[in-house]
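Fold and contact review
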Amino acid sequence: MARPDDLVFAPLGGVGEIGMNLSIYGLGNRQQRSWLAVDLGVSFGDEEHLPGIDLIMPDIRFLEKEKKNLVGLVLTHAHEDHFGAIIDLWPKLRCPIYATKFSASLFAAKLAAERTTLKIPITVVPSGGRIDLGPFNVEFIPVAHSIPESHALAIRTSAGLVLHTGDWKIDPTPVVGPPTDEKRLRELGDEGVMALIGDSTNAVRDGHSPSETEVGASLTGLIKAAKGRVAVTTFASNVGRMRAVADAAKAAGREVVLVGRAMDRVSQVARECGYFDGVQSFRGSEYYGHFPPDKVLALCTGSQGEPRAALARIARDDHPDVTLNKGDCVIFSSRTIPGNEKAVGGIINGLVNQGIEVITDRDHLVHVSGHPRREELRELISWVRPQLLIPVHGEALHLNEHAKLARQMGVPKVVVCRNGDLVRLGPGDPAIIDQLPAGRLYKDGTILEEEKSRAVVERRKMAFAGCAFVALALTQTGDMVDDPEVELIGVPENNSAGEPLDDIVFDAVVATVEGLPKARRRDPDAVAESVRRTVRSVVQQHWGKKPLCFVHVLRV
Ligand SMILES: [Zn+2]
Ligand SMILES: [Zn+2]
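What comes next concerns the included structure.

Conventions adopted
Residues numbered from 1 in each chain as written. Chains lettered and ligands numbered in written order. Predicted model: local features only at pLDDT ≥ 70, side-chain atom pairs only at ≥ 80, totals over all residues. Heavy atoms only, no water. Donors = N, O, S within 2.8 Å, 3.2 Å for Na, K, Ca; no water. Tetrahedral: all angles 85-135°; square planar, octahedral: opposite > 155°, others 65-115°. Salt bridge = Lys/Arg side-chain N within 4 Å of Asp/Glu carboxyl O. Helix = DSSP H or I, 4+ residues; strand = E, 2+ residues; numbered from the N terminus. Buried < 20%, exposed > 50% of the residue type's maximum accessible area, 1.4 Å probe, protein only. 1 Å grid on protein atoms, 1.4 Å probe; cavity = no way out; pocket = protein on both sides within 12 Å on 5 of 7 lines; lining within 4 Å. Points joined across faces, edges and corners; volume = space filled by probe spheres on them. Nonpolar A, V, L, I, M, F, W, Y, C, P; charged D, E, K, R; others polar. Contact = heavy atoms within 4.5 Å. Pairing = 2+ DSSP bridges. Right-handed = clockwise from strand over helix to strand, strands pointing away. Patch = residues over 30% accessible without salt bridge, like charges linked within 9 Å, V, L, I, M, F, W, Y side chains within 5 Å. Areas by Shrake-Rupley, 256 points an atom, 1.4 Å probe, with all protein chains shown as cover. Polar contact = N/O pair within 3.5 Å; in protein donor to acceptor, adjacent residues only side chain to side chain. Axes fitted to C-alpha atoms, helices over the stretch in contact; angles between N-to-C directions. Left-handed = near helix turned anticlockwise from the far one by under 90°.

All right, on to the coordination of the zinc ion (ligand 1) then. Distances from the zinc ion (ligand 1) to its protein donors, namely His-77 (NE2), His-79 (ND1), His-145 (NE2) and Asp-167 (OD), fall within the range 2.1 to 2.3 Å. Coordination at the zinc ion (ligand 1) is irregular, judged from the 4 donor atoms that bind it and the angles of 90 to 163° they form at the metal. Read from N- to C-terminus, the donor residues coordinating the zinc ion (ligand 1) fall into the pattern H-x1-H-x65-H-x21-D. The two metals, the zinc ion (ligand 1) and the zinc ion (ligand 2), are separated by 3.5 Å and share Asp-167 as a common coordinating residue.

Bringing the pattern of salt bridges into the picture now. Counted under the stated rule, the structure contains 28 salt bridges. A salt bridge links Arg-374 to Glu-401, with the nearest nitrogen and oxygen atoms 3.5 Å apart. You can see Arg-374 sitting in helix α11 (residues 374–384) and its partner Glu-401 sitting in helix α12 (residues 396–408), a full 27 residues away along the chain. Both residues of the pair, Arg-374 and Glu-401, count as buried. Several salt bridges share partner residues, and in doing so they unite Glu-139, Arg-156, Lys-183, Arg-184, Glu-187 and Glu-191 into one network.

To continue, consider empty space enclosed by the protein. Applying the stated criterion to the full structure yields 4 cavities of 30 Å³ or more. There is about 110 Å³ of room inside the largest cavity. In terms of lining, the largest cavity is formed by 18 residues, of which the most central are Asn-21, Ser-23, His-164, Val-392 and His-393. Ranked by the residues each element gives to the lining of the largest cavity, the list is headed by strand β13 (residues 195–199), at 3 residues. In terms of residue class, the lining of the largest cavity is made up of 5 nonpolar, 10 polar and 3 charged.

At the metal site, the zinc ion (ligand 2) is ligated by Asp-81 (OD), His-82 (NE2), Asp-167 (OD) and His-393 (NE2), and these contacts range over 2.1 to 2.2 Å. Viewed at the metal, the 4 donor atoms of the zinc ion (ligand 2) are separated by angles of 86 to 161°, and the geometry they form is irregular. Sequence positions of the donors to the zinc ion (ligand 2) reduce to the motif D-H-x84-D-x225-H.

A few words on α11. Along α11, the positions that sit buried rather than exposed are Arg-374, Glu-376, Leu-377, Leu-380, Ile-381, Trp-383 and Val-384. The inward-facing, buried residues of α11 contact β12 (160–164), α5 (182–191), β13, β20 (388–392) and α12.

A large share of β12 lies buried, amounting to 4 of its 5 residues. When strand β11 (residues 150–157) meets β12, the two strands line up antiparallel, connected through 5 bridges. Of the residues in β12, the one forming a bridge with Ala-154 is Leu-163. Between β11 and β12, which pair antiparallel in sequence order, lie 2 residues. The pairing of β12 with β13 spans 3 bridges and is classified as parallel. Each residue of the ladder has a partner; that of His-164, found in β13, is Ile-197. Once you follow β12 into α5 and on to β13, the crossover reads as right-handed.

Time to look at a nonpolar patch on the surface. Side chains of Phe-469, Ile-489 and Phe-550 sit close together on the surface and give an oily, nonpolar patch of about 250 Å² of accessible area. Overall, Phe-469 belongs to the partly exposed group, its relative accessible area being 32%.

In this chain, Gly-426 is followed by Pro-427 through a cis amide linkage whose omega measures -5°. When you line up the elements, Pro-427 lands in the loop between β22 (421–426) and β23 (431–435). Even without a glycine there, the phi angle at Met-20 is positive, about 30°. Relative to the elements of secondary structure, Met-20 occurs in the loop between β1 (6–13) and β2 (22–28). Residue classification places Met-20 among the buried residues on the basis of a relative accessible area of 1%. Located in the positive-phi region is His-393, a residue other than glycine, with phi close to 50°. For His-393, the location among the structural elements is in the loop between β20 and α12.

Our next topic: the pairing of strand β3 (residues 33–38). Counting buried positions along β3 gives 5 out of 6 residues, so the element sits mostly inside the fold. One ladder, built from 6 bridges, connects β2 with β3; its direction is antiparallel. Pairing of Gly-26 across the sheet is with Trp-35, part of β3. The turn linking β2 back onto β3 is made up of 4 residues.

Let us look at the layout of surface pockets. Computed from the structure, the second largest pocket encloses a volume of approximately 300 Å³. Ranked by residues supplied to the lining of the second largest pocket, first place goes to helix α10 (residues 341–353) with 4 residues. Along the lines of polarity and charge, the residues of the lining of the second largest pocket split into 6 nonpolar, 6 polar and 6 charged.

To continue, consider the side chain of Asp-328. Relative to the helices and strands, Asp-328 is located in the loop between α9 (310–315) and β18 (329–332). Judged by its relative accessible area of 4%, Asp-328 is buried. A distance of 2.9 Å separates the side chain of Asp-328 from the backbone nitrogen of Arg-229, its partner in a polar contact. Once you skip the residues sitting within four places of it in the chain, Asp-328 turns out to touch Gly-228, Arg-229, Ile-356 and Glu-357.

Here the focus is the sheet that holds β22. Sheet architecture is open: 8 strands sit in the order β8-β7-β6-β3-β2-β1-β22-β23, paired in mixed fashion. Whereas interior strands pair on both sides, the edge strands pair on one side only; in this sheet they are β8 (122–124) and β23. For this sheet, the mean inter-axis angle between neighbouring strands, taken without regard to orientation, is 30°. Sheet topology note: the β3/strand β6 (residues 70–74) ladder contains 4 bridges and is parallel. The partner of Ala-37 across the bridge, within β6, is Leu-73.

Below, the discussion takes up the packing of helix α14 (residues 501–515) against helix α16 (residues 524–543). Between two packed helices, what matters for the description is the angle formed by their axes and the separation of those axes. Where α14 contacts α16, the two axes come as close as 9 Å, and the packing angle between them is 145°. Regarding α14 and α16, the two cross each other, and that crossing is right-handed. Along the contact surface, α14 presents Leu-501, Ile-504, Val-505, Ala-508, Val-509, Thr-512 and Val-513, while α16 presents Val-527, Ser-530, Val-531, Thr-534, Val-535, Val-538, Val-539 and His-542. Looking at the contact of α14 with α16, its residues break down into 11 nonpolar, 4 polar and no charged.

Structure follows, in structure tokens:
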């Protein structure tokens, strides 16, 4: 008798970290499986550890190999950590993509803004709809989140039903879109859920998260009380928040001016999809100066301190249309993503120094997270009653706390896994049964580099200790034809006694070459290696740091 098909799950990104989500589900047996991919997102690099790397994406070697068995890519929602890698990675897969209207439209707008002729079609699925993809039947269940049209996916197979939550929270009164579909989720529980693969982002936070509507009320109060100009910054993709700000501005008799390209792009897509029905129309930043200070509100990009975004430019008085003065007010309707604290702090201090009032979520309810806190996690588990829970979308601590909570709730099995673990969900006992190749790709300029790439390591070293270049011309018998050329980059000019470092290096190079035995001097590689060591150690003596060093020996 043929063994029944196994249903397996593997995260290829987004587990043990927040960002670059990619999950795959497989149905079949060890020899032959059909695969379904869920989400294909990016993470953002930080300057200090990965200089020059803006985007990090999952290594999809495994999916490339299994391309012919990949039935499709399904998107839960249009946040960058879930769909930001499609433009770079889809050409390696060329599989059909499925998403609801807002996500598909936002993707199309993003693709149109890139300088590419690439066509990437997305098939639009209605919210609440169901599609068959090979042996998988996928249902899009609406959930509340910080972007319109976030969906949990009910994935039905011959082996059982899995609920992949995507990013969600329970918000009975979201500003746009329907609340999380509790009724449907309870029905899934009645049907029998083999596994719940769930968002762990806020698993360390107690209680329920506040509603978007409460944030809207708080923003209205603050904006009504403001006397001068008001600027609000938030994530451009947070359409509900944009709407709350627009409503608050209207209540305070202010026109809304959009500042920053991402704001324009999202607002256009949101309007096309009906999320701004009944909302006053927004104006371009060129109209900002047309209104008296108490009749205008600037809705800006740049909540993470991005130096080229609208808010940073306004703060350093470098924006062509938008200015702020003493007595005006800036509201950060956002949370600072870890790693961006310095940049955001710099902008806040700059504004405060100019006498501008700054309001953040530290002192007022001007932001809420789009992810479930512990009470919400408990509620979902009680609705869905899964046989197995796998925490995803979180760092190690978040995953562990989510797992503990699930065990306390009496979920029969909990598996904590990491990127690359292949987990058998069923039938039979769930377990990690294999390792798939997984890792990170760096987007370096226009090139995708492997994680081990030398370029980033060298740039980090260069940033820390600079670089020394030496060029030498030797005759066949090993005599110097001319003075060596020495160039130091990113190295201080003088040592603490005021002596030029390039003179010191020059003398050391000459002494080293002249001190080498004749026989050794005839071997250019040996000369280069001796000079390299000398340069690094002499700079170390005078500076306390060893630069990278490159020596070129020419034989004439
Ligand atoms: Zn999200
Ligand atoms: Zn996410």
